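The residues making up each chain are set out below.
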Amino acid sequence: MKKERIEFLETEIKRHNKLFWEEHDPEIPDQDYDALVVELTALDPANEILSEVHSTVEGREKLKHDIPMLSLDKVYSPEELISWARKVARTPDEKFYLMTKYDGLSAESNPGLLITRGNGEFGFDISDRIPYVQNLPEETGIRGEIVVLKSDFMEKRPCRSNGEPYKTARSAASGLINNQEPIAKDVLTFVPFTMGAEVVNLKALIDSDWDALIKKVQESNYPADGMVLSLLDKDYGDSLGMTGHHPRHSMSLKFKNPSAVTKVIDIRWTPGKHKLTPTAILEPVEISGFINSKASLHNMDQITKLGLHIGDTVEVQRCGDIIPQVVRVVKKGRKCEDPKLSYCPICAAPVAYVKPDLICTNKLCSGVAGKNLYDSIKRLGIEDIGPGTVNSLITYSTRTIFDLFNMTVSEWLELPGFAEASANAAYANVEKVRDSPIEDYKVLASLNIPEIGLSVSRKLLENNTLTELKQRTTTGLEKLPGIGSVMAYYLFDGLQSFELTKLQAILDVVDTKGVAAKPLVCFTGSSKTKRDEWIKIAEGKGMLFHNSVTKKLSLLVCADVESKSTKAKKARKYGVEIMSYDDFMNYEI
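Residues numbered from 1 in each chain as written. Predicted model: local features only at pLDDT ≥ 70, side-chain atom pairs only at ≥ 80, totals over all residues. Heavy atoms only, no water.

Peer 1: Residue-level account of the nonpolar core, with values.
Peer 2: In this structure, Ile-382, Ile-385, Ile-401, Leu-404, Phe-405, Trp-412 and Leu-444 are the most contacted members of the largest nonpolar core, which totals 44 residues. If you look at the next biggest cluster of nonpolar residues, it comprises 27 residues, including Leu-276, Ala-295, Val-316 and Leu-341. (Core = buried A, V, L, I, M, F, W, Y, C linked by side-chain atoms within 4.5 Å. Buried < 20%, exposed > 50% of the residue type's maximum accessible area, 1.4 Å probe, protein only.)

Written out as structure tokens, the structure reads:
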């Protein structure tokens, strides 16, 4: 029994780690995840999963922190926090910093250099994201959190590369940092850990109105998931040493997600690309000033795990103060209606259970087709065609991306709300993509193969061409890094599809295999010529522009070759050649 429970916990923690760190789409609240970790720790303290390091960034240079940037131990109530403070305080007058625990991506900021926390000892160089982060300090070594402000999250609704909005402000922060394509410059904000910090002694902590303190933090525009207490006396704090993973000089208080109790009056299923997603329809209830009438149920497995039926009274939590979700059944209803779906709500075809989801068995289902078409449009970079237009396209029998490329202006004019100008504009946007070179990984991603998005497609085609991938068997695909047996099965079907053959025939598809092997050049310092022009000059010389200095960089072009800037210092440290703009004009590989 114990062995089976350990295996279950391992599987669940791995799954939720992938959802959180790689897909930036957490399925459960932090408290539920922490409970899984605590249980596994009690059953198997030496389990390797407990010491695994995760990162929200991919393909970046690792840099060592001068001073380790460790995560903090945590408690879940003010009483536990005060108990910890009593243990470490030498007198009732012992002083502490009381700080907000901001909720985003931890990083260290230096002029021209931005590094994530990583595993505490080594972080990832995300300096290429500097242009997109507001309020970065000018000082060296300032540590803090990269966040998406609540107001920005609600008003600007940041989206993934496939056009799907992020569910929480925290997943948006980590996802946008991980995104290697240009993003809006007014969504990410850097917040120093010490912003708003107060110095208090032990007696004041004990006498504080913790409900008021927590309410003040939660009502701020800055996303936060707790508070931090840290000894003011640094030498004394350092002398306390470390636990296995955390310093003893500080402790964090994790907020419990605000919740309320209400009744489930219905469950509605929404078709997506590869699954049907359930949403609980609730009797309206107020949580943290928001009226909630819907809550996430994630998938069929989650409904089964909760033992949920229509008519049940449930507890609903707001996770990250943004997305409500059902966390438990409080009371069974008198007339419990089975929530399981038998037929697709869009096309009435039978549904099938493919763990952990229900899926529509009709490949021509308009709900599935609409979601697929919209994602294909976004992944190929076709502009100004939103979900509303896609719904109209599906109604008028444009169901695939290939259908879209075959549309004429007169067919655009048949759609509701389209006049001559808008029809011509839509047609021109599609033709622009048809007539321009397009990277092979975008074409592969546009096929909407399960688990094969832009990031996976890009990695697959770094060392292979589409033709080479098409020549592989399922077993051959399974041998590729990061591709398991299930993904290999889906990938093989997608690569052999007529849809891909048709797209390759009408688009100017550019192989990206080996592109990473081209010399990388970085530009820094002022110049009379615009940066975009220098990038074009570099591409003409067979080089690729890179926005930060790493060991892989071939050349740093500076306004002043004697520069003392952070980029110049890093280039000298890594042995990267430094050259002036004038000399670069005559440079040949």
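More follows now that the structure is in view.
Peer 1: So what's going on with the sheet that holds strand S23 (residues 544-545)? Which residues, and what values?
Peer 2: The pairing of strands in a sheet happens through backbone hydrogen bonds and is either parallel or antiparallel. The strand order S23-S22-S24-S25 describes an open sheet built from four strands, whose pairing is parallel. Whereas interior strands pair on both sides, the edge strands pair on one side only; in this sheet they are S23 and strand S25 (577-580). Judged from the four bridges that link them, strand S22 (residues 520-524) and strand S24 (residues 555-558) form a sheet pairing that is parallel. Note that in S24 the partner of Thr-524 across the bridge is Cys-558. Lying over the sheet, helix H21 (residues 531-540) contacts S22 and S23, oriented at roughly 155 degrees with respect to S22. (Pairing = 2+ DSSP bridges. Helix = DSSP H or I, 4+ residues; strand = E, 2+ residues; numbered from the N terminus. Contact = heavy atoms within 4.5 Å. Axes fitted to C-alpha atoms, helices over the stretch in contact; angles between N-to-C directions.)

Peer 1: Run through the pattern of salt bridges, naming residues and quoting values.
Peer 2: Overall, the coordinates contain 20 salt bridges when judged by the stated rule. Of the charged contacts, one joins Asp-207 and Lys-203 as a salt bridge, the two residues approaching to 3.1 Å between their closest N and O atoms. Note that Asp-207 and Lys-203 are positioned in helix H6 (residues 202-207) at a spacing of four residues, about one turn of the helix. The exposed category is assigned to Lys-203, whose relative accessible area is 53%. Asp-225 is the partner of Lys-254 in a salt bridge, and the nearest nitrogen-oxygen pair spans 3.1 Å. Note that Lys-254 is positioned in strand S12 (residues 250-254) and Asp-225 in strand S11 (residues 224-231), a separation of 29 residues in sequence. In this pair, the class of Lys-254 matches that of Asp-225, namely buried. (Salt bridge = Lys/Arg side-chain N within 4 Å of Asp/Glu carboxyl O.)

Peer 1: Which residues make up helix H19 (residues 485-495), and what values go with them?
Peer 2: Within the span of H19, buried status applies to Met-487, Ala-488, Leu-491, Gly-494 and Leu-495. The arc enclosing the buried residues of H19, seen along the axis, measures out at 125 degrees, which places them on a common side. (Arc of directions from axis to C-beta.)

Peer 1: Requested: an account of the pairing of S25, with residues and values cited.
Peer 2: Where S24 meets S25, four bridges bridge the pair, whose relative direction is parallel. When the bridges of S25 are listed, Cys-558 appears paired with Ser-580. Running through helix H22 (residues 566-574), the crossover from S24 to the neighbouring parallel element S25 is right-handed. (Right-handed = clockwise from strand over helix to strand, strands pointing away.)

Peer 1: Before we move on, could you go through the packing of aromatic side chains and cite the residues and values that matter?
Peer 2: This model, assessed by the stated rule, comprises nine aromatic pairs. Each member of the aromatic cluster is reached from another via a ring pair, and the members are Phe-523, Trp-534, Tyr-581 and Phe-584. Seen from the ring of Tyr-236, Arg-90 lies directly overhead, with NZ or CZ sitting 3.8 Å from the centre. A cation over an aromatic ring shows up here: Lys-541 above the ring of Phe-584, its NZ or CZ 5.5 Å from the ring centre. (Phe/Tyr/Trp six-rings, centres within 6.5 Å; stacked < 30°, edge-to-face > 60°. Lys NZ or Arg CZ within 6 Å of the ring centre and 35° of its normal.)

Peer 1: Which residues make up a nonpolar patch on the surface, and what values do they have?
Peer 2: Together, Tyr-97, Val-199 and Leu-232 make up an exposed nonpolar region whose accessible area comes to about 230 Å². As for its position among the elements, Val-199 is in strand S10 (residues 198-201). What makes Val-199 partly exposed here is its relative accessible area of 47%. (Patch = residues over 30% accessible without salt bridge, like charges linked within 9 Å, V, L, I, M, F, W, Y side chains within 5 Å. Areas by Shrake-Rupley, 256 points an atom, 1.4 Å probe, with all protein chains shown as cover.)

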